[in-house]
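# Observations on the three-dimensional arrangement
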Amino acid sequence: MSLNDALGFLGLLYPTHQVIIGEELHKRMDEVSLIVAATDLDSGESLRTLGRIKRAHKPLSQSFKASELGKALGHAEIKFLGIIGKKAAMSYLLKIKKGE
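Residues numbered from 1 in each chain as written. Predicted model: local features only at pLDDT ≥ 70, side-chain atom pairs only at ≥ 80, totals over all residues. Heavy atoms only, no water.

## Here's the deal with the sheet that holds strand E2 (residues 34–37)
Strand pairing in a sheet takes place through backbone hydrogen bonds and is either antiparallel or parallel in direction. Counted only if it meets this: When DSSP finds two or more bridges between a pair of strands, those strands are recorded as paired. A run of H or I in DSSP becomes a helix once it reaches four residues, and a run of E becomes a strand once it reaches two; helices and strands are each numbered from the N terminus. Residues count as neighbours in contact if any of their non-hydrogen atoms are within 4.5 Å of one another. Between N-to-C directions, angles span 0 to 180 degrees; the directions come from axes that are lines fitted to C-alpha atoms, helices contributing only their stretch in contact.
An order of E1-E4-E2-E3 is seen for the four strands of this open sheet, with the pairing classed as mixed. Sheet topology places strand E1 (19–21) and strand E3 (60–61) at the edges, where each strand pairs with a single neighbour. Taken together, the three bridges between E1 and strand E4 (residues 80–83) define a ladder with antiparallel strand orientation. The residue of E4 that forms the bridge with Ile20 is Gly82. Contacts from helix H5 (residues 86–99) reach E2, E3 and E4 within the one sheet, and its direction differs from that of E2 by about 45 degrees.

Here it is, written out as structure tokens:
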């Protein structure tokens, strides 16, 4: 199993609304079981968002670049995404662990 399986899993979750991005993520942060952040965060806004996530004590995973996350969900780049369901979040983390 590779890390590509984890990206593919995100691609499957996105159309079922179990993965949220953008403004919806900011609005529904309390509902999120896991935040996936890009490894190549560089803008001030991204770093502030990362600080907000850490202060909220949300579980965080960083394994992919923004372009890889974007490609998995059909976008150019994604800096942050949230996985809603606890089972989906656990499955994603297991796929990451097996891929490393």
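## A few points about the side chain of Ser61
Quick note on the threshold: Note on exposure labels: buried denotes an accessible area under 20% of the residue type's maximum, exposed denotes more than 50%, and partly exposed covers the range between, all computed with a 1.4 Å probe on protein chains only.
The topology assignment puts Ser61 in strand E3. Judged by relative accessible area, which is 6%, Ser61 ranks as buried. Apart from the residues lying within four places of it in its own chain, the contact partners of Ser61 are Leu34, Ile35, Val36, Ala37, Tyr92 and Leu93.

## A look at the pattern of salt bridges
We count it as follows: A side-chain nitrogen of Lys or Arg and a carboxyl oxygen of Asp or Glu constitute a salt bridge if their distance falls within 4 Å.
Summed over the entire model, instances satisfying the criterion amount to three salt bridges. Here Glu24 ties to Arg28 by a salt bridge, and the two come within 2.5 Å at their closest N and O atoms. Salt-bridge contacts for Asp42 lead to Lys79; the nearest nitrogen and oxygen are separated by 3.6 Å. Here the residue Asp42 occupies a position in the loop between E2 and helix H3 (44–55), and Lys79 occupies one in the loop between helix H4 (66–73) and E4, the gap between them amounting to 37 residues.

## Topic: the pairing of E2
Here E2 shows two buried faces, one formed by Leu34 and Val36 and the other by Ile35 and Ala37. Here E2 pairs with E4 via four bridges, running antiparallel. Among the inter-strand pairings, Ala37 is bridged to a residue of E4, identified as Phe80. Pairing of E2 with E3, which is carried by two bridges, proceeds in the parallel orientation. The partner of Ile35 across the bridge, within E3, is Leu60.

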